[in-house]
Amino acid sequence: MTILERAYRDRSAADYEGAAIDESTAYHPAAVEAEAWIEREDASRVPVPSSLAIGRAPTNNLVLVDEKASRKHALIHKQGDREYWLVDLGSSNGTYLDNRRVTQPVALTDGATLRIGSTTLVFRHPSAAQAPSVQPAWNEGTIQDIRIAPCWLLLADIEGSTELARSIPTDQIPVVTGRWFSDCKQAIEANGGSINKYLGDGFFAYWVDFLHAVPSLVAALGALKQLQAAGQPRFRLVLHHGVVSMGGAASMGEESLSGPEVNFVFRMEKLADSLGHSRFMSEAAGAKLGALLSGPDAGRHALSGFEGDFAFLSF
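For the bond from Gln 232 to Pro 233, the omega torsion is 0 degrees, close enough to zero to count as cis. Within the fold, Pro 233 resides in the loop between helix H6 (213–230) and strand E15 (235–247). Unlike most non-glycine residues, Ala 43 shows phi in positive territory, near 75 degrees.

Moving on, we come to H6. With 18 residues, H6 extends 26 Å from end C-alpha to end C-alpha; this agrees with the ideal 26 Å at 1.5 Å per step. Among all positions in H6, only Ala 213, Val 214, Leu 217, Ala 220, Leu 221, Leu 224 and Gln 228 are buried. Buried residues along H6 cover an arc of 125 degrees about the axis, so they all sit on one side. The exposed residues of H6 that point more than 90 degrees off its buried face are Pro 215, Gln 226, Ala 229 and Ala 230. Looking at the packing, one finds that the buried side of H6 touches strand E12 (146–158), helix H5 (173–189), strand E14 (202–208), E15, strand E17 (279–282) and helix H8 (283–289). Following H6 by one or two positions, Gly 231 adopts a phi angle in the positive range, close to 70 degrees.

A separate point is helix H7 (residues 260–275). End to end, H7 covers 22 Å across 16 residues, agreeing with the expected 22 Å (1.5 Å per residue, within 8%). Within H7, burial applies to Val 262, Phe 264, Val 265, Met 268, Glu 269, Leu 271 and Ala 272. Following H7 by one or two positions, Gly 276 adopts a phi angle in the positive range, close to 80 degrees.

The next subject is the sheet that holds strand E5 (residues 74–79). Here we have five strands laid out as an open sheet, ordered E4-E3-E5-E6-E9, and mixed in their pairing. Strands with a single pairing partner mark the edges of an open sheet, and in this sheet they are strand E4 (62–63) and strand E9 (106–107). Bridge count for strand E3 (residues 51–55) against E5 is four bridges, and the pairing is antiparallel. Across the sheet, Ser 51 pairs through a bridge with His 77, a residue of E5.

We now examine the layout of surface pockets. Quantified by volume, the second largest pocket comes out at close to 340 Å³. As for the second largest pocket, its lining consists of 15 residues, of which Ala 53, Lys 72, Leu 89, Lys 185 and Glu 189 are closest to the centre. Looking at the lining of the second largest pocket, the elements that each hand over two or more residues are E3, E5 and H5. The element best represented in the lining of the second largest pocket is H5, accounting for five residues. Here the lining of the second largest pocket is built from residues that sort into five nonpolar, six polar and four charged.

So, on to the packing of H5 against H6. One way to put it is that H5 packs onto H6 with a least axis distance of 8 Å and a crossing angle of 160 degrees. As far as their axial angle goes, H6 and H5 are roughly antiparallel. As for the relative orientation of H5 and H6, their crossing is right-handed in sense. Residue-level contacts link Asp 183, Cys 184, Ala 187 and Ile 188 of H5 to Ala 220, Ala 223, Leu 224 and Leu 227 of H6. Partitioning the contact of H5 with H6 into residue classes produces seven nonpolar, no polar and one charged.

Reading the values: rules and limits
- Residues numbered from 1 in each chain as written.
- Predicted model: local features only at pLDDT ≥ 70, side-chain atom pairs only at ≥ 80, totals over all residues.
- Heavy atoms only, no water.
- Helix = DSSP H or I, 4+ residues; strand = E, 2+ residues; numbered from the N terminus.
- Expected span 1.5 Å × (residues − 1).
- Buried < 20%, exposed > 50% of the residue type's maximum accessible area, 1.4 Å probe, protein only.
- Arc of directions from axis to C-beta.
- Contact = heavy atoms within 4.5 Å.
- Pairing = 2+ DSSP bridges.
- 1 Å grid on protein atoms, 1.4 Å probe; cavity = no way out; pocket = protein on both sides within 12 Å on 5 of 7 lines; lining within 4 Å.
- Points joined across faces, edges and corners; volume = space filled by probe spheres on them.
- Nonpolar A, V, L, I, M, F, W, Y, C, P; charged D, E, K, R; others polar.
- Axes fitted to C-alpha atoms, helices over the stretch in contact; angles between N-to-C directions.
- Parallel < 35°, antiparallel > 145°, perpendicular 65-115°, else oblique.
- Left-handed = near helix turned anticlockwise from the far one by under 90°.

Structure (structure tokens):
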């Protein structure tokens, strides 16, 4: 432990009232039982929950005493049962995975090396490599709690990666895309939504359709439309409403979502891309929102894997 790290750790608790304290420089018993963890240079372990924020600010889950790290530098996000993704949040000096700069969310594997500023971290997830190739019989494990619920489903996808590469210097692309992910995450979570999956050049988010979900959704869409207007980067929004299966991998408010309606919104995104729409909404979503989010008719179209054709709207 360096003198600077020791001084930082030994500051009075009053200096950090209401903030997360970095205990990762010492033995962390929770890490012993963790499914995945971060291993620091001194061999100490920091368990990775469903979402681990990394950066210089004391409010992060993993606080780095590193002048080259940004205040909100990166995020490790759990997806499903065994997937963990690394997301750079628009840091000035970048996040490096196995010596390559992260330009978009990327899946982590056991033993992957992360470099943030002058700090080197190793991601550990040994159970992923040991996972059985055949699922156990239903009576060999805990019965999963699967629920059915109506949800708002939102898919966002960066458009024109080639155009983006031409419009800004190459070394600025990770900064632009990282800040976009960070801003979108803030807009969604501040308005009651959750990002369910990161998808390389986009993300999949949702709101359970409870009593006050619609005003929250509309507020989030308003913030996302402002980000669209800025055009850094250009991105597409696709909105659908339907009943989905939830559960099986729930943790800290995040759920595993599945069912035909989830497939539907992903097929919608491909259609919106082919038609050149930057904001695309299903008839089901439009009917639920009414005048709160009206838009011109985008015609009726077929979707691969679904029978018949469907009406869509711009918004």
